[in-house]
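The lines below spell out each chain.
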Amino acid sequence: MKISVISSFYNGDPMIPYFMNHYGYADEIVAMFNDNGRAIDAPTEQAILSHPNARIVGFDYPENKADYAFAINNLNQMISKIDADWLISVQGDELIFPIGMQDVREVLRDADGVIINTWLWWIFRHRTDLDLDPTLPAIWQRRHGYPGREFFGAIKPSIVKPSAGITYSIGAHNCHAARGNLSSIRFDGAHWLNADPDMAVKRRMRGRRENVSKRSLNDGMGSHMFDITEKQILAECEKYLDAPQVF
């Protein structure tokens, strides 16, 4: 059974080592790269290719700025070309895993359907947490966060069979299969958007208004990043310093 993972990154993305660590079991990691027209730098390339089965696929946004409609079309085209039994399609800050931390391969080997939903907890640094260490397993370093998962963006169809004719909608919150049905199982996941204040500032500020294409602005895409400030990000992280342990 072949498992592929696909996501996207930019130069200096601080999530790369944690992502590669978490998905190290995969047979293939496809890293899509676009950094607003800038070429990939050597440290970023090395961080991605540190996984022996990782490969980089570059692409160019029409305006050299994030275009959500273009991005999802590009993803769907990539999926149609991937030769794998199961594909894990996630954002660079989404670390997913089977319920109860079971073996991924064993769970997927017995899974029915062609689409598996993931229920994501939004993770925050707890006041007792140590600084992140890229040499250690990522998932155990941040286990506290918002306990609810029944809201838009928390449930995503993150695992699919590429052979089923998969088409994601903008934002990858929904997808359609030409053949097959939704699986009866689900995965859990940790959304690391705010898993560390410094990382949150670096990653979320990269999505601010000036890095979004005119088309996406007109379509209202990525509105949660339009006016975000460092102060707001840090305040949100502060709010959840005593969040409960969720897994």
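Residues numbered from 1 in each chain as written. Predicted model: local features only at pLDDT ≥ 70, side-chain atom pairs only at ≥ 80, totals over all residues. Heavy atoms only, no water.

Now for the overall build of the protein chain. The helix and strand tally for the protein chain stands at seven helices and eleven strands. What you see for the protein chain is a C-alpha radius of gyration of 17 Å, in line with the 18 Å of a compact globule of 247 residues. Along the first, second and third principal axes, the C-alpha set of the protein chain runs to 45 × 40 × 35 Å. Put simply, the protein chain has 247 residues, and 49% of those count as buried. Taken together, the 26 basic and 31 acidic charged side chains of the protein chain have centroids lying 3 Å from each other. (Helix = DSSP H or I, 4+ residues; strand = E, 2+ residues; numbered from the N terminus. Rg over C-alpha atoms; globule rule 2.2 N^0.38 Å. Buried < 20%, exposed > 50% of the residue type's maximum accessible area, 1.4 Å probe, protein only. Lys, Arg positive; Asp, Glu negative; His and termini not counted. Charge placed at Lys NZ, Arg CZ, Asp CG, Glu CD.)

Along helix 5 (residues 197-205), the residues classified as buried are M199, A200, V201, R203 and R204. At its buried positions, helix 5 is contacted by helix 1 (16-22), strand 11 (182-194) and helix 7 (230-239). Measuring from the side-chain oxygen of the N-cap residue of helix 5 to the backbone nitrogen of D198 gives 3.2 Å; that N-cap residue is D196. (Contact = heavy atoms within 4.5 Å. Polar contact = N/O pair within 3.5 Å; in protein donor to acceptor, adjacent residues only side chain to side chain.)

Aromatic ring pairs are reported here in terms of the distance separating the ring centres and the angle at which the planes meet. Summed over the entire model, instances satisfying the criterion amount to 14 aromatic pairs. Aromatic pair Y146 and F151: ring centres 6.0 Å apart, planes at 65°, arrangement edge-to-face. Its relative accessible area of 36% is what places Y146 among the partly exposed residues. Ring-pair connections join several aromatic residues into one group, and the members of that group are W122, F124, Y146, F151 and Y240. The ring centre of W121 lies 3.7 Å from the NZ or CZ of R149, which sits over that ring. One cation-aromatic arrangement involves R186 over W119; the distance from NZ or CZ to the ring centre is 5.2 Å. (Phe/Tyr/Trp six-rings, centres within 6.5 Å; stacked < 30°, edge-to-face > 60°. Lys NZ or Arg CZ within 6 Å of the ring centre and 35° of its normal.)

Moving on to the nonpolar core. Counting residues in each nonpolar core, the largest one holds 39 residues, and the members touching the most others are Y23 and W192. Breaking this core down by element, the ones donating at least two residues are strand 1 (3-9), helix 1, strand 2 (28-33), strand 4 (86-89), strand 5 (94-98), helix 4 (104-109), strand 6 (115-124) and strand 11. Judged by nonpolar contacts, the second largest core, of 20 residues, contains I82, L87, A172 and A177. (Core = buried A, V, L, I, M, F, W, Y, C linked by side-chain atoms within 4.5 Å.)

A separate point is helix 3 (residues 68-81). With 14 residues, helix 3 ought to run about 20 Å at 1.5 Å a step, and its terminal C-alpha atoms sit 20 Å apart, in line with that. Within the span of helix 3, buried status applies to A69, I72, N74, L75, N76, M78 and I79. (Expected span 1.5 Å × (residues − 1).)

What follows is about the pairing of strand 11. The pairing of strand 5 with strand 11 spans five bridges and is classified as antiparallel. Looking at strand 11, one finds that E94 is bridged to H191. Where strand 6 lies against strand 11, eight bridges are found, and the strand directions are parallel. Residue I115 lies in a different strand from strand 11, and its bridge partner there is L182. (Pairing = 2+ DSSP bridges.)

Secondary-structure assignment places A71 in helix 3. It is 15 Å that separates the C-alpha atoms of A71 and N174, two residues lying 103 residues apart in sequence.

Put simply, helix 5 and helix 7 touch, their axes get as near as 10 Å, and they point 140° apart. The orientation of helix 5 relative to helix 7 falls into the category oblique. The two elements helix 5 and helix 7 meet at a crossing, and its hand is right-handed. Here P197, A200, V201, R204 and M205 of helix 5 come into contact with helix 7, specifically with E230, I233, L234, E236 and C237. Looking at the contact of helix 5 with helix 7 residue by residue, the classes come out as seven nonpolar, no polar and three charged. (Axes fitted to C-alpha atoms, helices over the stretch in contact; angles between N-to-C directions. Parallel < 35°, antiparallel > 145°, perpendicular 65-115°, else oblique. Left-handed = near helix turned anticlockwise from the far one by under 90°. Nonpolar A, V, L, I, M, F, W, Y, C, P; charged D, E, K, R; others polar.)

Geometric values such as these leave the question of function open.
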